[in-house]
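Chain by chain, the residues:
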Amino acid sequence: MHKNEKRVCYLILILFLFGCSSIHNGKYPDNFEELRNVSYSTFVNAPSHKEELPELSEKSTLSDYLAYAALHNPGLEAAFDRWKAALERVPQVKSLPDPRFNYAYFIRKVETRVGPQRQKFGLVQTFPWFGKLSLKGSGAMEAARVEKEKYETAKLKLFYRLKTAYYEYYYLARAIAITEENLSLVKYLEKVARTNYSAGIASYSDVIKAQVEIGKIEDRRSALNDLRDPLVAKLNAVLNRPEKSSLPWPTSIPIEQVSVSDQQLFSWLKEANPELKAKDFLAAKEKVDIDLAKKNYFPDITVGLEWIDTEEALKSGTEGSGKDPVIAMISVNLPIWHDKYSAAKKEARARYSAAQKERHDRESTLIADLKMALYQFRDAERKIILYSDTLIPKTKQSLEVSLQAFKTGAGTFLDIIDTQRMLLEFQLSYERSIANHAERLAELEMLVGKEIPRLSSEESKGQKNE
């Protein structure tokens, strides 16, 4: 074979070995490339540009707040970026090590019978033992799944924080409105007390009592009004808006009932809670690491090719003059340090055991949290019915009776003040129960990791009548 033809063959072989470095061992999930290329706005099903999302206004619903937070919150975006970074780790660990190119220049020519040798070129490629790259890729994929579930956990916690702040903001609005109504009532009572005092049918102490009560309610109103700025700042922090940006008062929140059993909620928690799923994927990764540690007992194989550039022999007519030697080589590392490999295997097994136990411990904690949230949810539901159907109507009726009795001289002004004070507390407790009910429902959804089906209005009425 002619010398140039040989060099072409060598070049082809070199290109082939270089191509080996791009080969991936094992298969990717079907949607792997789609996940790698997905944008944040597409992933959260939001507008591609933040400017396209409408500004929050009086007509904005809680869903609008959630969409705004999902697209703007930097903490959630950071969790998404960590997941995308973990995905990019997969093709890195599944690839062969980079081939190594060697070049040597002979400072002094090496004289041989077929000609002097000036330089040599070499290319070597290491091939990990069978299955190593596949296991590394599987471990990296499980790690990426862990980050994905961490993102889902961050989203659920973000939405819970937003809902809680939103419901607290609603309660504040209702508390201020109710306090204003009661302040107007006590001011009216103070006028009645003054009129009765002028008519000689009441003492001046009644006027003083009314004025003291007015002062107490005004102080409560001031405290409630001062609370608006911190709550707005808390909401804006979740929404990633300037802390002093104004937000309208929420107009109402629904009193929703769920159409699912406790057993189903606990089942969903075990299946869908992203924290537990992240623990499962972490345990799967550690299990892969056990198999990978076992591969350390087997050698990696390195193959190579060297070509020595040889010039024409000084003596013309020499057989094989200018023939370039080509050297094929193969080498393996010697895995003789068994104590090291055994320690790596024990480490992997211990990490796998720890991941399983952490998962069990977290599940127990979440189940306990779910039980408490269910109790508080039902307790708030019970109080809503108690205040709306019994205590508030009865107290309003008692207030009317006390007021009529006072006007006729059959009752005392203290009875009116006590009844008015009781009505204020019951009304505030009713609104507090509504907010608590909504907050506990939000907590339940955070714990089970999915939206809980609601009863329709007809079903709720029928259940209430029962």
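Remember, it's a predicted structure, so these values are computed and weren't measured experimentally.

Calculation notes
- Residues numbered from 1 in each chain as written.
- Predicted model: local features only at pLDDT ≥ 70, side-chain atom pairs only at ≥ 80, totals over all residues.
- Heavy atoms only, no water.
- Core = buried A, V, L, I, M, F, W, Y, C linked by side-chain atoms within 4.5 Å.
- Buried < 20%, exposed > 50% of the residue type's maximum accessible area, 1.4 Å probe, protein only.
- Helix = DSSP H or I, 4+ residues; strand = E, 2+ residues; numbered from the N terminus.
- Contact = heavy atoms within 4.5 Å.
- pLDDT = per-residue confidence, 0-100.
- Pairing = 2+ DSSP bridges.
- Axes fitted to C-alpha atoms, helices over the stretch in contact; angles between N-to-C directions.
- Expected span 1.5 Å × (residues − 1).
- 1 Å grid on protein atoms, 1.4 Å probe; cavity = no way out; pocket = protein on both sides within 12 Å on 5 of 7 lines; lining within 4 Å.
- Points joined across faces, edges and corners; volume = space filled by probe spheres on them.
- Nonpolar A, V, L, I, M, F, W, Y, C, P; charged D, E, K, R; others polar.
- Patch = residues over 30% accessible without salt bridge, like charges linked within 9 Å, V, L, I, M, F, W, Y side chains within 5 Å.
- Areas by Shrake-Rupley, 256 points an atom, 1.4 Å probe, with all protein chains shown as cover.
- Salt bridge = Lys/Arg side-chain N within 4 Å of Asp/Glu carboxyl O.
- Lys, Arg positive; Asp, Glu negative; His and termini not counted.
- Polar contact = N/O pair within 3.5 Å; in protein donor to acceptor, adjacent residues only side chain to side chain.
- Parallel < 35°, antiparallel > 145°, perpendicular 65-115°, else oblique.
- Arc of directions from axis to C-beta.

**Q** I'm lost on the nonpolar core in this one. Help?
**A** One recurring pattern in soluble globular proteins: nonpolar side chains tend to sit buried together. The biggest cluster of nonpolar side chains holds 68 residues, and the ones touching the most others in it are Y65, L162, L239, L247 and F413. At the level of elements, α4 (62-72), α5 (74-94), α6 (132-199), α7 (204-226), α8 (228-239), α11 (338-407) and α12 (413-448) are the ones that each hand at least two residues to this core. Here this core gets 20 residues from one element, more than from any other, and that element is α6. With sequence-adjacent residues up to four places away left out, Y65 is seen in contact with L56, S60, L162, Y166, L239, L247 and P248. Among the nonpolar cores identified, the runner-up in size contains 18 residues, and V258, L265, I367 and L444 belong to it.

**Q** Would you mind showing me how to read the confidence of the model for the protein chain here?
**A** As a general rule, the predicted coordinates of low-pLDDT regions are not to be interpreted in detail. With 89% of its residues at a pLDDT of 70 or more, the protein chain has an overall mean of 87. The secondary structure element of the protein chain with the lowest average pLDDT is helix α1 (residues 3-20), at 50, and the one with the highest is helix α10 (residues 274-294), at 96. The low-confidence segment residues 21-25 (pLDDT under 50) makes 14 contacts with residues lying over four places distant or belonging to another chain.

**Q** What am I meant to see in the sheet that holds strand β2 (residues 117-127) here?
**A** Strand pairing within a sheet occurs via backbone hydrogen bonds; the two strands may be parallel or antiparallel. Spatially, the four strands line up as an open sheet ordered β1-β2-β3-β4, and their pairing is antiparallel. Unpaired on one side and paired on the other, β1 (100-110) and β4 (326-332) mark the two borders of the sheet. Taking each pair of neighbouring strands and ignoring which way they run, the sheet shows an average axis angle of 20 degrees.

**Q** What should I look at first to understand α12 in this one?
**A** Given 3.6 residues to a turn, an α-helix orients residues that are three or four positions apart in the same direction. With 36 residues, α12 extends 52 Å between its outermost C-alpha atoms, agreeing within 8% with the 52 Å of an ideal straight helix rising 1.5 Å per residue. Burial within α12 is extensive, with 27 of its 36 residues counted as buried.

**Q** I tried to follow the layout of surface pockets on my own but got confused; where do I start?
**A** It is the rolling of a water-molecule-sized probe over the atoms that shows where space remains empty. One number sums up the size of the largest pocket: a volume of about 680 Å³. Forming the walls of the largest pocket are 34 residues, and the residues nearest its centre are L62, S63, L66, K163 and Y167. Among the elements that take part in the lining of the largest pocket, α6 stands out by supplying seven residues, more than any other. For the lining of the largest pocket, a count of residues per class yields 17 nonpolar, eight polar and nine charged.

**Q** Would you take a moment to explain a nonpolar patch on the surface for this structure?
**A** Where nonpolar side chains cluster on the molecular surface, the patch consists of F101, Y103, Y105 and I107 and spans about 520 Å² of accessible area. Mapped onto the elements, F101 comes out in strand β1. A residue is classified by how much of its surface remains accessible, and F101, at 49% relative accessible area, is partly exposed.

**Q** Explanation requested: the environment of Y105 in the structure shown.
**A** Residue placement: Y105 occurs in strand β1. Residue classification places Y105 among the partly exposed residues on the basis of a relative accessible area of 49%. When the C-alpha atoms of Y105 and K120 are compared, they prove to be 6.6 Å apart, with 15 residues separating the residues in sequence. Setting aside residues no more than four positions away along its own chain, Y105 makes contact with R118 and Q119.

**Q** Which parts of the structure should I look at to understand the side chain of D206?
**A** With respect to the secondary-structure elements, D206 resides in helix α7. Among buried charged residues, D206 stands out as having no salt bridge; its nearest opposite-charge side chain is K209, 4.4 Å away. Aside from chain neighbours lying at most four places away, what touches D206 is A193, F406 and F413.

**Q** Explanation requested: the side chain of D379 in the structure shown.
**A** Examined against the element boundaries, D379 turns out to sit in helix α11. Here R382 takes part through its side chain, which lies 2.3 Å from a polar atom of the side chain of D379.

**Q** Honestly, the pattern of salt bridges in this entry has me stumped. Any pointers?
**A** Opposite charge on two side chains allows them to pair when their charged atoms are near. Counted according to the given criterion, the structure contains 33 salt bridges. Taking the shortest distance from any N to any O, the salt bridge between E33 and R36 comes out at 3.2 Å. Of this pair, E33 and R36 both sit in helix α2 (residues 32-37), separated by three residues, roughly a single helical turn. The partner of E152 in a salt bridge is K155, and the shortest N-O contact between them spans 3.5 Å. Remark: K155 and E152 occur in helix α6; sequence separation between them is three residues, near one turn of the helix. In this structure E152 comes out as buried when scored by relative accessible area, which is 17%.

**Q** Please explain the packing of α5 against α6 as it appears in this structure.
**A** Any two packed helices are characterised by the angle at which their axes cross and by the distance between the axes. Contact geometry for α5 and α6: axes closest at 8 Å, N-to-C directions at 175 degrees. Classified by the interaxial angle, the pair formed by α5 and α6 is roughly antiparallel. A per-class count over the contact of α5 with α6 returns 16 nonpolar, one polar and seven charged.

**Q** Is there a simple way to think about the pairing of strand β3 (residues 301-310) in this case?
**A** Two faces make up the sheet, and in a regular strand the side chains alternate between them. β3 sits mainly inside the fold: eight of its 10 residues count as buried. Sheet analysis places β2 next to β3, joined by 10 bridges and oriented antiparallel. Bridging across to β3, F127 finds its partner in I301. Where β3 and β4 come together, seven bridges link them in antiparallel fashion. Looking at the pairing, T302 lines up with S331 of β4.

**Q** For this particular structure, what's the right way to read helix α9 (residues 262-272)?
**A** Listed in full, the buried residues belonging to α9 are L265, F266, W268 and L269. Looking down the long axis of α9, one finds its buried residues gathered within 160 degrees of arc, a one-sided arrangement. Facing away from the buried surface of α9 by more than 90 degrees, the exposed residues are Q263 and E271. Elements in contact with the buried residues of α9: α10, α11 and α12.

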